[in-house]
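What follows is each chain in one-letter form.
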Amino acid sequence: MTEHVLHPRITDTSDWVTILFIMALGIIALTKSIYENRFEDFTKLIFSDKYTRIYRDSSHLMGMFTISLFFVQIISFSFFIQILLCHFGYGSKTDWVLFIQIFTFVIYFILSKYLIEKIIATAFQIEEVVEQFNSQKVTYRTYIGLLLLPIDILLYYYNSILTNIPLVALYGIVILNSFLYLFSIKTYRKEIFSKLFYFILYLCTLEIAPYYFMYYWFTKDSV
């Protein structure tokens with residue numbers, strides 16, 4: 001009689017993380033070499049609005065520059081979320097199955113939100129304002145994603161780093177994102193104020209409600 005021995009599946013391995021970081025850095029290096037001038041303007045985004053003035057048209061969202069850095073952005077944010085979950089005791093930072101789940105959720109969330117934004121903007125007849133606003137918002141979010149990548153690497157490879165660093169990084173992202181968000185509103189204030197009522201509905205529906213419900217769901221489950 002053959003005896004079958006079941007072995008538990010091992011998901012905690014660190015090899016995939018190193019490959020992931022190398023891939024992300026490789027994409028950044030390749031993008032920089034192909035779009036050298038544009039990438040240089042992009043890296044100065046926090047100090048200068050030259051990039052947003054040149055590439056403010058929404059058609060640039062479908063370019064290879066944006067798409068390649070979007071992939072890096074998803075990796076950066078997904079792994080940071082995994083580090084936060086590990087910090088709160090909800091998972092391991094070496095669990096590749098968890099990362100795939102987070103990665104899939106982040107892509108689904110961003111793309112679904114973008115499509116719903118397009119539909120609502122068309123319904124409210126504010127397509128032009130929302131497209132320009134979204135273009136600048138995507139640019140800033142990508143920029144934050146690139147800034148977050150080295151933080152991810154440090155948090156992963158240096159376990160001796162202070163335990164409150166992930167939360168400090170999270171608060172920093174929220175503050176920076178809020179500042180850049182307000183700056184975007186200021187940039188397009190004339191277009192926004194011309195259709196202020198519809199823009200407020202847009203903000204409440206797609207810029208506040210999704211994050212509030214995610215926060216409520218997370219804090220409710222953690223009680």
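Figured I'd write up the structure that's included with this text. No experiment lies behind these values; they were computed from the predicted model shown.

1. Quick look at the overall build of the protein chain
Each helix and strand in the protein chain was counted, giving nine helices and zero strands. For the protein chain, the succession of helices and strands along the chain, N to C, is α-α-α-α-α-α-α-α-α. By residue count, 39% of the 223 residues in the protein chain fall in the buried class. For the protein chain, the exposed surface amounts to about 13800 Å²; the carbon and sulfur share of it is 68%.

2. A word on the pattern of salt bridges
All chains considered together, the criterion is met by two salt bridges. Of the charged contacts in the structure, one is a salt bridge between lysine 44 and glutamate 40, with a shortest N-O distance of 3.4 Å. You can call lysine 44 partly exposed: its relative accessible area is 41%. Among the residues examined, glutamate 40 registers a relative accessible area of 39% and is labelled partly exposed. The residue aspartate 41 makes a salt bridge to lysine 50 at a minimum N-O spacing of 3.7 Å. A relative accessible area of 14% places aspartate 41 in the buried class. By relative accessible area, which is 37% here, lysine 50 ends up partly exposed.

3. Overview of the environment of leucine 148
Along the polypeptide, leucine 148 turns up in helix α6 (residues 127-157). Among the residues examined, leucine 148 registers a relative accessible area of 2% and is labelled buried. Along the sequence, leucine 148 and leucine 170 sit 22 residues apart, while their C-alpha atoms lie 9.8 Å from each other.

4. Some points on the nonpolar core
Counting residues in each nonpolar core, the largest one holds 41 residues, and the members touching the most others are Phe42, Val72, Phe79, Phe80 and Leu146. Those elements that place two or more of their residues in this core are α1 (15-34), α2 (36-43), α4 (64-87), α5 (96-124), α6 and α7 (165-187). In terms of residues, this core owes the most to one element, α4, which gives 11 residues.

5. Quick notes on the environment of valine 72
In this structure, valine 72 sits in helix α4. A residue is classified by how much of its surface remains accessible, and valine 72, at 0% relative accessible area, is buried. Put simply, valine 72 and alanine 24 are 48 residues apart on the chain and 5.4 Å apart in space, counted from C-alpha to C-alpha.

6. Considerations on the packing of aromatic side chains
Under the criterion given, the structure shown has 18 aromatic pairs. Judged by centre distance (6.3 Å) and plane angle (70°), the ring pair of phenylalanine 21 and tyrosine 156 falls under edge-to-face. In this pair, phenylalanine 21 is assigned in helix α1 and tyrosine 156 in helix α6, connecting sequence segments 135 residues apart. Look at phenylalanine 21 and you get buried, because its relative accessible area is 4%. Its relative accessible area of 7% is what places tyrosine 156 among the buried residues. Joined through ring pairs, the aromatic side chains of Trp16, Phe21, Phe71, Phe79, Phe99, Phe103, Tyr156 and Tyr157 make up one cluster.

7. Looking at the side chain of serine 68
Note on placement: serine 68 falls in helix α4. The class for serine 68 is buried, based on a relative accessible area of 14%. A polar contact of 3.1 Å, which involves the side chain of serine 68, links it to the side chain of threonine 31. The contact partners of serine 68, leaving out residues within four places of it in the chain, are Ile27 and Thr31.

Analysis parameters
- Residues numbered from 1 in each chain as written.
- Predicted model: local features only at pLDDT ≥ 70, side-chain atom pairs only at ≥ 80, totals over all residues.
- Heavy atoms only, no water.
- Helix = DSSP H or I, 4+ residues; strand = E, 2+ residues; numbered from the N terminus.
- Buried < 20%, exposed > 50% of the residue type's maximum accessible area, 1.4 Å probe, protein only.
- Areas by Shrake-Rupley, 256 points an atom, 1.4 Å probe, with all protein chains shown as cover.
- Salt bridge = Lys/Arg side-chain N within 4 Å of Asp/Glu carboxyl O.
- Core = buried A, V, L, I, M, F, W, Y, C linked by side-chain atoms within 4.5 Å.
- Phe/Tyr/Trp six-rings, centres within 6.5 Å; stacked < 30°, edge-to-face > 60°.
- Polar contact = N/O pair within 3.5 Å; in protein donor to acceptor, adjacent residues only side chain to side chain.
- Contact = heavy atoms within 4.5 Å.

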